[in-house]
Amino acid sequence: MPTLTASKKSNRSAVRAGRPAPELILGDLWEFDPAPESADPKLKARYELFIDGKFVAPKGGRYFDSINPANEQKLAEIALAGPADVDAAYAAAQRAYDGVWGKLPGRERAKYLYRIARLLQDRAREFAVAETLDGGKPIKESRDFDVPMAAAHFFYHAGWADKLDYVAPGRKVAPLGVVGQVIPWNFPLLMCAWKLAPALAMGNTVVLKPAETTSITALKLAEIFQDAGLPPGVVNFVTGAGEVGAAVMNHPTPAKIAFTGSTEVGKIIMRGLAGTDKKMTMELGGKAANIVFDDAPIDQAVEGIVNGIFFNQGHVCCAGSRLLVQESVAAKVLAKLKNRIRTLRVGDPMDKNTDIGAINSREQLDKITRLVAAGVKEGGEMFQPACKLPAKGFYFRPTIFSGVSMSSRVAREEIFGPVLSILTFRTVDEAIEKANNTAYGLSAGVWTDKGSRILKMSTELKAGVVWANTYNKFDPTSPFGGYKESGFGREGGRQGLLDYCKLV
Amino acid sequence: MLARSPQAALQRLFDEVGSVDQIGVDERVAKYGTRSIKKASKIQGLKLAASMVDLTTLEGKDTPGKVASLCQKALAPHDPELGVPQVAAVCVYPAMVKHARRALGRDTAVRIASVATAFPSGQVPLKTRLAEVKAAVADGADEIDMVINRGAFLAGEFSEMQDEIAAVVQACGDATLKVILEVSELETYDNIRAASFLAMRVIRPGDFIKTSTGKTSLNATLGNNQVMLEAIRDFYLATGVAIAMKPAGGIRTAKQALTFLVAVKETLGDAWLNNRRYRFGASSLLNDLVRQLEKEKTGAYQAPYYFSEAAESY
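Residues numbered from 1 in each chain as written. Chains lettered and ligands numbered in written order. Predicted model: local features only at pLDDT ≥ 70, side-chain atom pairs only at ≥ 80, totals over all residues.

1. Focus on the overall build of chain A
Of regular secondary structure, chain A possesses 15 helices and 20 strands. In terms of C-alpha radius of gyration, chain A reaches 24 Å, essentially the compact-globule figure of 23 Å for 504 residues. By residue count, 54% of the 504 residues in chain A fall in the buried class. Contacts spanning at least 24 positions in sequence make up 73% of the contacts within chain A whose residues lie at least 6 apart. (Helix = DSSP H or I, 4+ residues; strand = E, 2+ residues; numbered from the N terminus. Rg over C-alpha atoms; globule rule 2.2 N^0.38 Å. Buried ≥ 20, exposed ≤ 12 C-beta atoms within 10 Å, placed from the backbone. Contact = placed C-beta atoms within 7 Å.)

2. Observations concerning the interface of chain A and chain B
On the chain B side, the residues contacting the 37 residues of chain A number 48 residues. Residues that form the side of chain A that touches chain B fall into these classes: 15 nonpolar, 12 polar and 10 charged. (Nonpolar A, V, L, I, M, F, W, Y, C, P; charged D, E, K, R; others polar.)

3. A look at the packing of helix H6 (residues 126-138) of chain B against helix H8 (residues 158-172) of chain B
Residue and element names in this part refer to chain B. Where H6 contacts H8, the axes come no closer than 9 Å and their chain directions differ by 30 degrees. Classified by the interaxial angle, the pair formed by H6 and H8 is roughly parallel. As H6 packs across H8, the resulting crossing turns out to be right-handed. In contact with Leu126, Leu130, Val133, Lys134 and Val137 of H6, H8 contributes Glu164, Ala167, Val168, Ala171 and Cys172. Among the residues making up the contact of H6 with H8, the classes are represented as eight nonpolar, no polar and two charged. (Axes fitted to C-alpha atoms, helices over the stretch in contact; angles between N-to-C directions. Parallel < 35°, antiparallel > 145°, perpendicular 65-115°, else oblique. Left-handed = near helix turned anticlockwise from the far one by under 90°.)

4. Details of the domain arrangement of chain A
All names here are of chain A. Per the domain assignment, the segments making up chain A are domain 1 (46-285 + 484-503) and domain 2 (289-439 + 442-468). Computed from C-alpha coordinates alone, the two centres of domain 1 and domain 2 are separated by 30 Å. Counting residues at the interface gives 20 residues for domain 1, matched by 25 residues for domain 2. Elements supplying a minimum of two residues to the side of domain 1 that touches domain 2: helix H3 (124-135) and helix H4 (139-161). Sort the elements by how many residues they give to the side of domain 1 that touches domain 2 and H4 lands first, with three residues. Of the residues assigned to the side of domain 1 that touches domain 2, the class counts are five nonpolar, eight polar and seven charged. (Domains from an automatic or database assignment.)

5. Thoughts on the pairing of strand E4 (residues 63-68) of chain A
Residue and element names in this part refer to chain A. When E4 meets strand E5 (residues 73-79), the two strands line up antiparallel, connected through six bridges. By the bridge assignment, Ser66 is partnered in E5 with Ala76. The loop that links E4 with its antiparallel partner E5 comprises four residues; one of these, Glu72, has a positive phi angle of about 65 degrees. (Pairing = 2+ DSSP bridges.)

6. Looking at the nonpolar core
Counting 108 residues, the largest nonpolar core has Ala49, Val90, Val179 and Ala199 of chain B as the members making the most contacts within it. Ignoring any residue separated from it by four or fewer positions in sequence, one finds Val90 of chain B in contact with Leu55, Leu70, Cys71, Ala74, Ala100, Val110, Ile112 and Ala113 of chain B. (Core = buried A, V, L, I, M, F, W, Y, C linked by C-beta atoms within 7 Å.)

7. Brief notes about the environment of Gly269 of chain B
Structurally, Gly269 of chain B can be placed in the loop between helix H12 (254-267) and strand E8 (280-282). Among the residues examined, Gly269 of chain B registers 20 C-beta atoms within 10 Å and is labelled buried. Here the alpha-carbon distance between Gly269 of chain B and Arg233 of chain B, two residues 36 residues apart in the chain, equals 9.4 Å. Ignoring anything within four residues of it in the chain, the contact list for Gly269 of chain B reads Leu24, Ile25, Leu26 and Gly27 of chain A.

8. What to know about the confidence of the model for chain B
Taken over all residues, the pLDDT of chain B has a mean of 94, while the share at 70 or more is 97%. Reported confidences for the modelled complex are a pTM of 0.94 and an ipTM of 0.92. (pLDDT = per-residue confidence, 0-100.)

9. Comments concerning unusual backbone geometry
With an omega of 0 degrees, the peptide bond between Phe119 of chain B and Pro120 of chain B qualifies as cis. Counting through the fold element by element, Pro120 of chain B comes out in the loop between strand E3 (111-115) and H6. Here the phi dihedral of Asn472 of chain A falls at roughly 55 degrees; this positive angle occurs in a residue that is not glycine. Examined against the element boundaries, Asn472 of chain A turns out to sit in the loop between strand E18 (465-468) and strand E19 (487-488). Residue class for Asn472 of chain A comes out buried when judged on the 21 C-beta atoms lying within 10 Å of it. Phi at Glu187 of chain B is positive, roughly 70 degrees, even though this residue is not glycine. A tally of 11 C-beta atoms within 10 Å means that Glu187 of chain B is categorised as exposed.

10. Focus on the environment of Asn312 of chain A
Residues and elements named next belong to chain A. With respect to the helices and strands, Asn312 occurs in the loop between helix H9 (298-310) and strand E13 (322-326). Expressed as a C-alpha distance, the spacing of Asn312 and Leu498, which sit 186 residues apart in the sequence, is 29 Å. Once you skip the residues sitting within four places of it in the chain, Asn312 turns out to touch Lys137, Glu141 and Asn186.

11. So, the sheet that holds strand E15 (residues 399-402) of chain A
Residue and element names in this part refer to chain A. Across the sheet, which stays open at both edges, the seven strands sit in the order E14-E15-E16-E13-E12-E17-E18 with mixed pairing between neighbours. Here the strands that pair on one side only, and so sit at the sheet edges, are strand E14 (381-383) and E18. Neighbour-to-neighbour, the strand axes of this sheet turn through a mean angle of 20 degrees, independent of strand direction. Examined bridge by bridge, strand E12 (residues 289-292) and strand E17 (residues 443-447) share four bridges and lie parallel to one another. When the sheet's bridge partners are listed, Ile291 is paired in E17 with Val446. Contacting E12, E13, strand E16 (419-425) and E17, H9 crosses the sheet at an angle of about 165 degrees to E17.

Next up, the structure:
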């Protein structure tokens with residue numbers, strides 16, 4: 001008879017009482033030398049607005065600095081758009097829609113989109129370096145995720161452009177007209193692609209405002225639009241901070257507004273647009289629950305937890321920032337998680353071995369610092385690895401809080417940084433209740449060996465995306481969007497396209 | 001009452017040691033490949049890898065002459081100026097142990113490992129396998145690489161499998177034991193993790209678990225290496241017993257070896273970055289390590305024939 005093996009202990013010297021518990025030495029016996037990425041980002045000293053197919057100086061003549069958050073050095077000057085520039089951009093977009101783009105057959109629009117995607121692939125390394133310099137994310141993420149995924153979105157939507165007769169069975173679709181878009185600083189190029197590709201494929205024209213700290217890759221993308229021969233005015237970029245965003249959102253021209261950013265700003269925009277007939281999609285904040293059951297493959301779950309919260313320094317709206325772990329395995333998960341975090345490499349984003357780069361801005365670093373201080377004050381048990389941080393630049397150690405309660409600020413507010421809050425649960429129902437007990441509902445993760453439980457959780461969790469035994473997986477074919485205060489509308493897939501058309 | 005089928009036995013074992021998600025493991029190990037090892041850290045890694053090699057010849061046509069030249073290579077892998085360390089061990093069939101001992105002498109740091117227990121299948125009576133182990137040790141083997149009874153494992157007869165390993169431990173005497181799981185025949189990561197635990201519970205601190213014989217279609221991969229490293233880590237943290245690890249077969253290039261070492265560094269840490277705790281079972285790997293070290297020194301790649309490239313000729 002097969003026996004359970006607990007009796008086979010003849011040679012096993014169990015840990016003796018009084019001796020220190022065995023620990024791993026995750027040290028620097030074999031330390032990696034710096035491995036900086038050396039490709040030329042081909043930055044200009046000054047970036048103008050991109051309106052009507054040309055780079056034009058802002059009418060107000062004002063510029064602001066874009067800095068590298070890894071060392072606080074200035075990278076380039078960016079034009080500051082004023083109301084007159086926004087007017088000009090919308091006028092160009094309207095002309096392009098009426099004159100060319102709105103009438104162009106889908107298969108012709110597809111050619112431009114394919115060309116843009118291919119040109120982006122050709123210049124992938126240059127864009128990856130520019131993205132990392134401007135935003136602070138590790139080069140391996142911009143190289144392996146942001147840039148290839150941005151190209152994939154153009155490819156995917158290029159494929160749709162000549163098949164729009166089939167996107168809504170039994171119905172015909174038509175473009176909306178001019179669209180106004182505002183995107184955040186966490187995935188500057190990728191968000192650009194998410195917003196532009198479906199809009200253009202459907203036949204709309206666009207005025208887009210990138211985030212003020214990360215405008216460079218959008219303006220480099222404008223160079224690609226010129227190279228691709230995209231008709232003037234189809235895409236227009238206006239740069240600047242919140243007031244420029246407000247001008248883009250509140251302008252009378254656009255038929256639709258698309259916004260990705262914080263819930264706070266999303267609410268302001270929606271208030272401004274109340275009573276107008278403009279369509280809206282909002283992709284806002286999140287405080288996702290990543291739920292680990294006791295039968296989960298623990299090491300892979302730990303990897304998923306790390307990927308869920310420390311990807312892009314936690315500057316991810318769908319980050320798995322609340323870890324819900326079943327009580328029976330909580331100690332085990334926490335111990336493994338700490339060992340895993342000890343091996344994360346924090347530092348220069350341009351180093352190919354860096355896992356966690358720089359926080360995007362001083363302002364964001366201050367916000368994270370403030371919320372972490374609140375977490376400590378509220379009695380959460382904090383763990384940070386003892387890694388060295390560069391002297392200059394905006395950095396924050398990967399941080400986990402255990403023993404957090406549902407009422408704690410670090411469990412409720414979106415921190416948008418490398419900070420994980422760990423809560424425990426006992427039963428499936430309790431997990432669902434805790435996961436849904438939030439104003440947000442963008443994403444969730446479920447880790448279990450039980451297939452039926454995954455299906456149950458995915459129907460009960462009020463989240464736009466539920467990942468099972470993985471986390472932070474994206475694909476242009478898969479719709480992404482939120483419940484509740486995480487917004488409405490979808491991006492990606494057929495559903496995302498439908499948000500950029502009217503059914504006729 | 002507990003079900004007694006092999007499947008039920010396996011399921012209970014998985015429940016006890018935990019399950020493994022294949023996609024998650026493969027994703028984790030893909031990250032090791034993106035680590036960029038340059039300059040001094042590359043040289044250090046290459047030398048470390050060379051010191052971990054079990055230089056192997058396991059062929060029907062092995063002769064005393066070939067074993068002697070293999071031993072020579074093990075003692076002095078290249079021009080001394082390059083500073084390539086001696087390998088950890090030579091690995092030969094039991095019949096070749098006495099020839100290896102003659103070639104290496106008694107006063108050497110290079111150890112002699114021998115694949116006993118009816119390698120690679122293990123499909124002979126236990127008595128015969130134990131006799132083979134004792135004979136190899138008597139001829140001068142410092143280390144014994146045994147194969148587990150995969151048939152017993154897959155049939156759910158864990159006791160039988162473990163008792164056999166325990167019997168080989170006894171037969172080894174002072175010789176170090178390496179337990180070959182033959183991962184390609186266990187097929188799943190779940191099985192590999194479970195078998196690792198079964199083996200670790202009956203071997204001694206400093207004994208090894210090893211991926212494969214090199215005689216089947218699939219040998220050491222980053223994935224099965226990772227599953228076994230994690231099993232070793234979990235066992236160590238639970239019991240304080242440090243088990244060593246040896247991936248074998250399929251690791252031919254220096255780049256591969258460095259990637260495996262990154263896995264060791266980030267999973268088990270510094271205490272396993274030495275040849276008492278980690279080995280590579282390989283034949284042609286050493287030549288590529290030497291070639292890369294030469295390249296780091298001179299800045300140019302030498303022609304392959306400078307390094308007696310073929311595994312056939314040392």
